[in-house]
Each structure stands twice: as C-alpha cells, then as structure tokens.
Amino acid sequence: MKLLTLFAFCSLFAVRAFAEETVYTVDCNGGGDFRTVQECLDALPSKPDGWCTVRILPGTYREKVTLDVYKNCVRIVGVGGAEEVRIVWNDFSGRVVDGYEMSTYDTWTLSLQADDVILEGLTVENDAGRVGQAVALETRGDRIHINRCRLVGDQDTFFTKGYVSRIWVTDSWIEGTTDFIFGPSIVLFDRCRIHAKADSFLTAASTTERNLYGYVFRDCRVTADTSVGRLYLGRPWKSTARTVWIRCELPAAICPEGWRDWHDSARKGDVYYAEYRCTGPGADRRGRVAWSRELTDEEAALYTPERIFAKKTGSEQFRRDWNPLLEETWMKGD
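Since this is a predicted model, take the numbers as computed values, not measurements.

Bringing the packing of aromatic side chains into the picture now. A complete count under the given rule lists 14 aromatic pairs for this structure. For the ring pair Phe189 and Tyr215, a centre distance of 6.0 Å and an interplane angle of 85° mean the geometry is edge-to-face. Here the residue Phe189 occupies a position in strand β19 (residues 186–190), and Tyr215 occupies one in strand β23 (residues 215–218), the gap between them amounting to 26 residues. The class of Phe189 is buried, set by a relative accessible area of 0%. Connected via pairs of aromatic rings, a cluster forms that spans Phe158, Phe189, Tyr215, Phe217 and Trp245.

Following this line, the structure appears as structure tokens:
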C-alpha cells in the first residue's frame, strides 16, 4: 500500500508539474500552431523559467531539426507514438551541400543541444542508406531522457556527442549497422531493443578518462537480421571507453570473443568492458577476450541511475546530481 501511495504521489506530482507548461502543437497538415518541427523549436523561449511541451501530431516530417543550446526544459512528444510520428532526413558523410562536404558531425537528422530535454514517442531516422556515416539522433546537452522512441539508421545511428552529458534511454528501439551507438557521453539504456542489420559492432564508446561510467545497458535485448552472423558488443573509439551489459539477452550472432580493440593492442589496457548475468546463446563468456570482465554482484549493484548520473561520477564538470527517477530533480534549475 505504501508503494502504491508513493507511486500515485509521484505520478500526481509529474502531472501537476507538466500541467502548468506552455504547450505548442506541430501539425504537418496545418491543424496546429506550426507546420514544421523546426519552426516550433525556433519559437521556443531561450533560457526559460519553466518547462514547455511540444506536441507533434501524426505524420512524416522530412526536415533537419536542431534544438538550440539555449532552448532547455523542453518535452517533445509524438502524439500517437513512434509508429505515427517520424522525423526523417538523409545527410551523410561525404555529401556536398552548397559546396561544403559534410563529415559525420554534420549528418544528424535531429540534434538536441540543450539541457533538460525529454524526447518521447517518436521516430528519428536517417534514411540515406548504407553510404557511410549518417547520424539519426545527435545529443549534446545534459539530462536528456529518451523514452519509447525509435532511432533508425545504418552506420552511426545514435551519436552521443556531449562530453559533459548524461542521457537516459528507456523502452526504445535503436537499429543500425556499424558503430550505431557511439560517442563520449554517459548513457544508461533501460529495457531497450538494440537491432543489428549487418555484421559489425554495436557500440563505439569514447568515454573520457574522468568518467566512472560510459555506456550501460540494463535489461536490454539485442536482435539481428537473419543475414547477420558476426557481431561484437563494442570496440573503443577512444582507449578509455567503458561499456557494460547487465542482464541483457544476447543472440547467437555475438562472436565468442565479444569485443574488439579497433586494431590497436594498446587500447586493451585502458578499456573497461564488462558483462553481468546476460542470457541467450551469445552470452557464453568462455571465449571472451581476456581484457573483458564479468562483474561481481557487488560491482553490478553500483550501476543504478543515482550513481551513474551523480555529479561526482568522475567528472567535476556536472553542476549537480541527476536522478531521472525523481521528477523534482528536473524542475529545479542550475
């Protein structure tokens, strides 16, 4: 009964907190305040005093979208869910636009550059195809929650670009081919589906040496196309990369060795690659590389949101603790 009462109180708090927001509606058919997502985000106040909500009505929004660094405290919600609301673009590394040749860093479909952002119930897609690096979602800000979304692409689908950035991804689908989750941010993936479409690497973390956590996957499920037969859990974009899989379901396509060193044997001494009580045919650790590890029960117990997202998680650059399970930590400013 106490748990039910606490849950009801927290739910009521969240509803009341968001009920006082300014709400903007985007409808590609003309029935809202704006026709495009970018027009709406441009109209949001900079450095706001409180939260606002952007409701995106069903449809496919073919546009390249940026949430500016000063447009924080925004909840972006797809009405009807990720199957109904899609933001799609097709930039890729090497593409020439107005005489400028793009690199990976320019190719995103949606770039979240602000702090305190909730992205919920929509698809972010890069449909350039298998032409090299082509980012769907790029995140730069701190305290970003991605919930019930679909991130769709091929190589480099999800770029967690921020060095001073904490991201929580829940109940979402992420698909791609090579290194399709990559970058330096601290990211906790809870109950997500990670889907591989080619023989390659699921992750390429570049965790900084200051951070105690990098990528943490908890209770996730990895799946693969039927043509896929050789997958790796990760390879280090930077030698201090940290990636941990906890209680995840791993398919037979996971190679026995599990991890690669990006053809640089010097990286083996600095990376932190670990697993804990994973299941499925790809979870057998008997063939794993010697420089990966199995967490103990005591070590695994340290992988909780309040620890992973703490101010002193290794970097002194975070302004405060962040526990996304407690809505009130979203309401107070820096």
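Here we take up the pattern of salt bridges. Under the counting rule described, the total for this entry stands at 28 salt bridges. Arg143 serves as the salt-bridge partner of Asp116, at 2.8 Å between the closest nitrogen and oxygen. Of this pair, Asp116 sits in the loop between β9 (110–112) and β10 (117–120) while Arg143 sits in the loop between β12 (137–139) and β13 (144–147), and the two are 27 residues apart along the sequence. Per residue, the accessibility class of Asp116 equals that of Arg143, and both read buried. Residue Lys197 pairs with Asp154 through a salt bridge whose shortest N-O separation is 3.4 Å. In this pair, Lys197 sits in the loop between β20 (193–196) and β21 (200–201) while Asp154 sits in the loop between β14 (150–152) and β15 (158–160), placing the two residues 43 residues apart along the sequence. Residue classification places Asp154 among the buried positions, given a relative accessible area of 11%. Shared partners join several salt bridges into a network, and the residues in it are Asp116, Asp142, Arg143 and Arg166.

Mapped onto the secondary structure, Asn72 falls in the loop between β4 (65–67) and β5 (74–78). Ignoring sequence-local partners within four residues, the contact set of Asn72 consists of Lys47, Pro48, Ala114, Asp115 and Asp116.

Turning our eyes to something else, we now look at the sheet that holds strand β22 (residues 203–205). The parallel open sheet is built from six strands, whose spatial order is β4-β9-β12-β15-β18-β22. Unpaired on one side and paired on the other, β4 and β22 mark the two borders of the sheet. Strand after strand, the sheet turns through a mean of 15° between neighbouring axes, direction not considered. Two elements, β4 and β9, share three bridges in a ladder whose sense is parallel. Looking across to β9, one finds that Thr66 is bridged to Ser111.

Procedures and definitions
Residues numbered from 1 in each chain as written. Predicted model: local features only at pLDDT ≥ 70, side-chain atom pairs only at ≥ 80, totals over all residues. Heavy atoms only, no water. Phe/Tyr/Trp six-rings, centres within 6.5 Å; stacked < 30°, edge-to-face > 60°. Helix = DSSP H or I, 4+ residues; strand = E, 2+ residues; numbered from the N terminus. Buried < 20%, exposed > 50% of the residue type's maximum accessible area, 1.4 Å probe, protein only. Salt bridge = Lys/Arg side-chain N within 4 Å of Asp/Glu carboxyl O. Contact = heavy atoms within 4.5 Å. Pairing = 2+ DSSP bridges. Axes fitted to C-alpha atoms, helices over the stretch in contact; angles between N-to-C directions.

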